[in-house]
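Residue-level listing of the chains:
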Amino acid sequence: MICSSVSGFESILSQKRPVKILTRLLETGKIPHAFIFTGMEGVGKRLTALTFAMAVNCEGHGEDPLGNSRMGSDPIRSSKDTPCGRCRSCNKIKAGSHPDVLTVAPEGSMIKIQQIRNLIRTLTLKPYEARVRVVIISQSHTLNPAAGNALLKILEEPPDRTLLILTAPQTGDILPTIVSRCRPIRFNPLSREHIKLLLEKNANLDEGKADVLSTMASGSFSRALTRSRANWIHRRQWLLSSVCFDRPDQMQALSVRTLLAFSEKLAVNKDTATASLEILAVWLRDLIVWRYRPRSIVNQDLKNEIQSASEKKPVAQLYKMIEIVLQAERDIRTNMNLRLCLDMMMLNLSEV
Ligand SMILES: [Zn+2]
């Protein structure tokens, strides 16, 4: 999530359980040396890690009158369970300029041994100014085996005043010996309403577009945001209009040349192609849903277009079209030739 939006735990939408666990730990002072935050990309794991880093280092709360300490015997003085968001330390973390809040992320497709060696060197020094240095190991499932073993050494002998927060989609892809030394906290997909709110706030989208993108995001704000920046709405328009998905009764009249020219454009990139097929499958589904529960369509901003297109094909044929698109999606995922899958899809669709 966006660093500039870091303020307090109240800004972490839809993640009540993780926030409850973390604020409870802050209250009791029983903070482990390492966490592993699991959950799909774009559900607030990094935002939560940064907020927690702010909370353990916040200077806005003054001395703890009870003298409570956190992380064993470390002299951590903040007495509140949420950061002030205004002190010098909070501001530095928000700005991404705190020298003791570090992130290790994959370089290319993995986290390499040299990155963990560099981290070990840094951790042999005392923190510059933080009460608790926080190291976020982002996408820790991409640690290569050597890097994983090096990280294990850090976890076996955790340095003073240092908290490690690993993030990953799930624990299954990480060395069990690493997982067993971390306190796991599971993050659920975000609700559609919360993604919509975040889109309206962070991407300046109008309600209709935010509605569609939040429904298509499968619980991930970053996915919705990436799509809003990638001009998803324009892409959808292009997909629907260039080979008559918006007038499905006319698709049969298209020439083979037109159909194959379309699949050639789709086949430029595998990720974009699968995202495009998802758009088409959802569109075709909407054409069926419109007849029974119009309020449940995904493309809420295209009601008129859906109404008009929905009348142009019998439901059975629309089902058949969806099945063809989904079959192409499955074939692409099993690494069949991308261009071939898309050519076959278009030719089959034109015969429905
Ligand atoms: Zn503060």
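Residues numbered from 1 in each chain as written. Predicted model: local features only at pLDDT ≥ 70, side-chain atom pairs only at ≥ 80, totals over all residues. Heavy atoms only, no water.

(A) Representation of the environment of Leu-190. Within the secondary structure layout, Leu-190 lies in the loop between β5 (183-186) and α7 (192-202). Look at Leu-190 and you get buried, because its relative accessible area is 6%. Placed 30 residues apart in sequence, Leu-190 and Ser-220 show a C-alpha to C-alpha distance of 6.2 Å. (Helix = DSSP H or I, 4+ residues; strand = E, 2+ residues; numbered from the N terminus. Buried < 20%, exposed > 50% of the residue type's maximum accessible area, 1.4 Å probe, protein only.)

(B) Fine view of the pairing of strand β3 (residues 133-137). The element β3 is extensively covered by neighbouring structure, given that five of its five residues are classed as buried. Burial of the side chains of β3 extends over both faces: Arg-133, Val-135 and Ile-137 are buried on one face and Val-134 and Ile-136 on the other. For strand β2 (residues 101-104) and β3, the ladder comprises four bridges, and the chain directions are parallel. Residue pairing for β3: Thr-103 is matched across the bridge by Ile-136. Since β2 and β3 lie parallel, the crossover through helix α4 (residues 113-124) that links them has a hand, and here it is right-handed. Bridge count for β3 against strand β4 (residues 162-168) is five bridges, and the pairing is parallel. In the strand pairing of β4, Ile-137 is matched with Leu-166. This β-α-β element, β3 to helix α5 (residues 145-156) to β4, shows right-handed connectivity. (Pairing = 2+ DSSP bridges. Right-handed = clockwise from strand over helix to strand, strands pointing away.)

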